Amino acid sequence: MFKKSILMTLLAAIACNVNASISSSNYNVVPKPLSVTEDKDQPFIITASTTVSCMSGGEEMKRNAQFLTDYVAEATGIRMQAAEKASKQCIRLFINNKITGKEAYRLSVSKKGVTIEAATPRGVFYGIQTLRKSLPTVKVDTITLPAVTIADEPRFSYRGMHLDCARHIFPLSFVKRYIDLLAMHNMNVFHWHITDDQGWRIEIKKYPELTKKGSWRPETVIGNNFPLFDGTPYGGFYTQEEAREIVRYAADRYITVIPEIDMPGHMLGALKAYPDLGCTGGPYEVATTWGVFADVLCLGNENVYSFCQDVLDEIMDIFPANYIHIGGDEAPRDRWAECSKCQAKAHELSLTTNTLQSYFTNRIEKYVNSKGRRIIGWDEILEGPINKSATIMSWRGISPGVEAASKGHDVIMTPNSHLYFDYYQTEGRNGGPILIGGYVPLEKVYSLNPIPDDIPADLRSHIIGVQANLWTEYIAYTSIVEYQVLPRMAALAEVQWTSATKDYPDFLSRLSRLRELYGIYGYNVAK
Ligand code: TNX
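This structure is a prediction, so every number in the text was calculated from the model and none was measured.

1. Some details on the overall build of the protein chain
Thought 1: Across its full length, the protein chain carries 17 helices and 24 strands.
Thought 2: Relative to its length of 527 residues, the protein chain is compact, with a C-alpha radius of gyration of 25 Å against a globular reference of 24 Å.
Thought 3: Counted over contacts in the protein chain with a minimum sequence separation of 6, partners at least 24 positions apart contribute 74%.
Thought 4: Carbon together with sulfur atoms contributes 53% to the accessible area of the protein chain, which is approximately 20700 Å² in total.
Thought 5: Of note, the protein chain has its 55 positive side-chain charges centred 7 Å away from the centre of its 58 negative side-chain charges.

2. Description of the sheet that holds strand S1 (residues 22–24)
Thought 1: Across the sheet, which stays open at both edges, the three strands sit in the order S1-S9-S3 with mixed pairing between neighbours. Both edges of this open sheet fall to S1 and strand S3 (44–46), since each of them pairs with a single strand only. Strand-to-strand twist across the sheet, computed as the mean angle between neighbouring axes with direction ignored, equals 25°.
Thought 2: As paired elements, S1 and strand S9 (residues 142–145) share three bridges and run parallel to each other. The partner of Ser-23 across the bridge, within S9, is Ile-143.

3. Comments concerning the site of the ligand
Thought 1: Taken together, Arg-167, His-266, Asp-329, Glu-330, Trp-378, Trp-395, Tyr-420, Asp-422, Tyr-423, Ile-436, Trp-471 and Glu-473 make up the full set of residues near the ligand.
Thought 2: Within the contact set of the ligand, an oxygen atom lies 2.7 Å away from a side-chain nitrogen or oxygen of Asp-422.
Thought 3: The separation between an oxygen atom of the ligand and a polar side-chain atom of Glu-473 is 2.6 Å.
Thought 4: Surface burial for the ligand is 94%, taken as the share of its 360 Å² of free accessible area covered by protein chains.
Thought 5: The residue inventory of the shell around the ligand, partitioned by class, reads six nonpolar, one polar and five charged.

4. Details of the pattern of salt bridges
Thought 1: Overall, the coordinates contain 29 salt bridges when judged by the stated rule.
Thought 2: Taking the shortest distance from any N to any O, the salt bridge between Asp-70 and Arg-79 comes out at 3.1 Å.
Thought 3: Accessibility expressed as a relative area gives 41% for Arg-79, which makes it partly exposed.
Thought 4: A salt bridge links Glu-302 to Lys-345, with the shortest nitrogen-to-oxygen separation between them at 2.4 Å. One end of the pair, Glu-302, is in helix H8 (residues 302–318); the other, Lys-345, is in helix H10 (residues 340–348), and 43 residues separate them in sequence.
Thought 5: Judged by relative accessible area, which is 36%, Glu-302 ranks as partly exposed.
Thought 6: For Lys-345, a relative accessible area of 7% translates into the label buried.

5. Concerning the nonpolar core
The nonpolar side chains of soluble globular proteins are, as a tendency, buried together.
Thought 1: Ranked by size, the top nonpolar core spans 165 residues in total, and within it Leu-93, Phe-190 and Trp-192 carry the most contacts.
Thought 2: Once residues lying within four places of it in the same chain are set aside, the contact partners of Leu-93 are Val-52, Ser-53, Cys-54, Met-55, Met-61, Asn-64, Ala-65, Leu-68, Ile-116, Val-124 and Ile-128.

6. So, a nonpolar patch on the surface
Thought 1: On the surface, Ile-222, Phe-226 and Leu-228 cluster together to form a nonpolar patch covering roughly 310 Å² of accessible area.
Thought 2: Along the polypeptide, Phe-226 turns up in strand S17 (residues 226–229).

7. Section: the packing of helix H4 (residues 172–184) against helix H15 (residues 478–485)
Thought 1: The contact between H4 and H15 brings their axes to 11 Å, and the two run at 15°. When the axis of H4 is compared with that of H15, the two are roughly parallel. Crossing handedness for the pair H4 and H15: right-handed. In contact with Phe-174, Arg-177, Tyr-178 and Leu-181 of H4, H15 contributes Thr-478, Val-481, Glu-482 and Val-485.

8. What about the packing of aromatic side chains?
Thought 1: Under the definition given, this model contains 26 aromatic pairs.
Thought 2: Ring centres of Phe-174 and Tyr-178 lie 6.2 Å apart, and the angle between their planes is 45°; this geometry places the pair in the tilted category. In this pair, Phe-174 and Tyr-178 both sit in helix H4, four residues apart, roughly one turn of the helix.
Thought 3: The structure contains a cluster of three or more aromatic residues connected by ring pairs, namely Phe-170, Phe-174, Tyr-178, Phe-190, Trp-192, Tyr-238 and Phe-319.

9. Describing the sheet that holds strand S10 (residues 148–152)
Thought 1: Taken in spatial order, the seven strands of this open sheet run S2-S10-S7-S8-S6-S4-S5, and their pairing is mixed. Each of the sheet's edge strands pairs with one partner strand only, and the pair in question is strand S2 (35–38) and strand S5 (81–83). Strand-to-strand twist across the sheet, computed as the mean angle between neighbouring axes with direction ignored, equals 15°.
Thought 2: Note: strand S7 (residues 105–110) against S10, five bridges, orientation antiparallel. Pairing of Tyr-105 across the sheet is with Asp-152, part of S10.

10. Regarding the pairing of strand S8 (residues 113–118)
Thought 1: For S8, the buried fraction is high: six of the six residues fall into the buried class.
Thought 2: Here S8 shows a buried face lined by Gly-113, Thr-115 and Glu-117 and a second buried face lined by Val-114, Ile-116 and Ala-118.
Thought 3: When strand S6 (residues 90–95) meets S8, the two strands line up parallel, connected through six bridges. Bridge pairing in S8 places Leu-93 opposite Ile-116.
Thought 4: The pairing of S7 with S8 spans five bridges and is classified as antiparallel.

11. Brief notes about unusual backbone geometry
Thought 1: Cis geometry marks the peptide bond from Val-30 to Pro-31, where omega comes out at -10°.
Thought 2: With respect to the element layout, Pro-31 can be found in the loop between S1 and S2.
Thought 3: Geometrically, the link from Gly-282 to Pro-283 is a cis peptide bond, its omega value of 5° lying close to zero.
Thought 4: Along the polypeptide, Pro-283 turns up in the loop between helix H7 (268–273) and H8.
Thought 5: In this structure, His-266 takes a positive phi of about 50° despite not being glycine.

12. Remarks on the state of the cysteines
Thought 1: One pass over the full model with this rule turns up zero disulfides.
Thought 2: No disulfide involves Cys-54; its sulfur sits 9.5 Å from the nearest other cysteine sulfur, which is in Cys-90.
Thought 3: Here Cys-308 is not cross-linked by a disulfide; its sulfur's nearest cysteine counterpart is in Cys-298, at 11 Å.

Calculation notes
Counting from 1, residues in each chain are numbered in the order their sequence is written. Whole-chain, interface and lining totals are the exception, using all residues; otherwise, since this is a predicted model, local features are given only for residues with pLDDT of at least 70 and side-chain atom pairs are given and counted only at 80 or more. Only hydrogens and water are set aside when side-chain values are computed; all heavy atoms of the structure are taken into account. Comment: elements are numbered from the N terminus, with helices defined as DSSP H or I runs of at least four residues and strands as E runs of at least two. Computation of the radius of gyration draws on C-alpha atoms, with the globule rule given as 2.2 Å multiplied by the number of residues to the power 0.38. Contacts are assigned to residue pairs with any non-hydrogen atoms lying within 4.5 Å of each other. Areas reported as accessible are Shrake-Rupley estimates using a 1.4 Å probe. Residue values count occlusion only from the protein chains shown. A residue counts as positive if it is Lys or Arg and as negative if it is Asp or Glu; His and the chain ends are not included. The atoms used to mark charge sites are NZ of Lys, CZ of Arg, CG of Asp and CD of Glu. At least two DSSP bridges between two strands are required for those strands to pair. Lines fitted to C-alpha atoms define the axes here, with helix axes fitted over just the stretch in contact, and angles between the N-to-C directions of these axes take values from 0 to 180 degrees. Put simply, a residue is near a molecule or strand once any heavy atom of it comes within 4 Å of that molecule or strand. Polar contacts, as used here, are pairs of N or O atoms within 3.5 Å; protein pairs need one atom able to donate a hydrogen and one able to accept it. Residues neighboring in sequence count only if both atoms are side-chain atoms. Only Asp, Glu, Lys and Arg are considered charged, only Ala, Val, Leu, Ile, Met, Phe, Trp, Tyr, Cys and Pro nonpolar, and every remaining residue, Gly among them, polar. Salt bridges are identified by distance alone: a Lys or Arg side-chain nitrogen within 4 Å of an Asp or Glu carboxyl oxygen. Buried means the residue's accessible area, taken with a 1.4 Å probe over protein chains only, is under 20% of the maximum for its type, while exposed means over 50%, and partly exposed covers the values in between. Among buried residues, those of type Ala, Val, Leu, Ile, Met, Phe, Trp, Tyr and Cys that are joined through side-chain atoms within 4.5 Å constitute a nonpolar core. Within this analysis, patches are made of residues with over 30% relative accessible area and no salt bridge. Like charges are joined at 9 Å or less; nonpolar side chains (Val, Leu, Ile, Met, Phe, Trp, Tyr) at 5 Å or less. Roughly parallel means an angle under 35 degrees; roughly antiparallel means over 145; roughly perpendicular covers 65 to 115; every other angle is labelled oblique. Handedness of a crossing is defined here by the sense of rotation of the near helix relative to the far one, left-handed for an anticlockwise turn of less than a right angle and right-handed for a clockwise turn. Here a pair means two rings of Phe, Tyr or Trp (six-membered ring of Trp) with centres within 6.5 Å. Their orientation is stacked below 30 degrees between planes, edge-to-face above 60, and tilted elsewhere. Criterion for a disulfide: a pair of cysteine sulfur atoms at a distance within 2.5 Å.

That's the geometry; what it means functionally is another story.
Dropping the structure here:
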């Protein structure tokens, strides 16, 4: 039955001969908030005359208000107005220092109004995300919001999503569209993989050949790495100005961009440009196939260290993130074993071929630390003595992460068993695109327990976050990027944000509503 106020609105609309329509919101959102308490009060009504006010917090809160009005307009067609002062029929955004947790928020709806409050504008932003995900996704004149109090905060402080723009590069406009998805899923880190064997994708002013030569491959292997090639040169890169644009776009949405410069392996792009950085001196080619390549940086050559530091200087200038990802994965030792310079370096420092990489990583870490930043490395960097201050990204399952936490490292869980979104969502191809392999269905993503019981209680706080990765060897098109991450990103968001006990059927019912929101923006979503 309609409440009286809604009936009045409807009647008024009909009297004005407007095509009146009305729809109710629903707080069954993804990720599930910590607590949702429905109140007995009458609902709040949003119409085009509803205003949004933000009385404290300056520019950031104004931007938040703008996000909210845009989201409501995109989903429902109702364009609310910003207002300087709170009034009747108002959605108020405000800073409340009594709320603890810098990402926590409270969203309350009553007949009199809606308030979203948090200790920080960042917290308010997550309240706005919850509100927008509660909205109907049809064009209406009137939305009714049932009275409610929602108190919410995330489980993990690091909630990331990765995109490999090295194997295939995607337009700046798409990178932004991808960041919009992160925001919708309450994520706060965009891990941007921008260098690899198949292409160097970020302008470095001191080393112009990196993008001139290192960002192009002559052709690309077709299908499952079978020796058949497309014969078409492939390349491109992001200028520093473009990368800064991404940093700003993400920051407006409370997302930190962590760049990854993968070293000392996955470096064929750089070796093509500057062959002296390799053990054999080359010549080298930007890779046209996928996999792990024997040619890596020469760790016996001092110029390699200054090259890496110079590159990192420019990277740290572009990216203000506290963390810089230095890769460290899949670096074969074959060349070092045969290289007189590497062997001399190992001898001089009482190292072995196997511990050269940890020497390199520790040295790079010290440099990054001297600039006030920290490093993240893939779990391979644990394969030698490594400083505890390095944060480990556990990708070969969760056990490297457990080991790292036990040694006192901070850890980000990104196990390929659960969170490699380049893997199939179905058993085999099943009519979808050809992919690298693997099988990570939605339920598997949802089931991940990032803090397994075998981590000693006092070391659990070292698991700072969770992230999924999208490697793009087999993903050349933005529509396939979307297909691979949706809807698995929704399950990931729930693992990252929600502390509540898991309930897969409940998740699925909330996901069916989120799918409608994906539809509004035209995302390509797997069924
Ligand atoms: C392993 S994950 C890699 C990537 C590949 C990926 C494919 C990691 C640190 N290294 O270079 O793209 O597998 O799934």
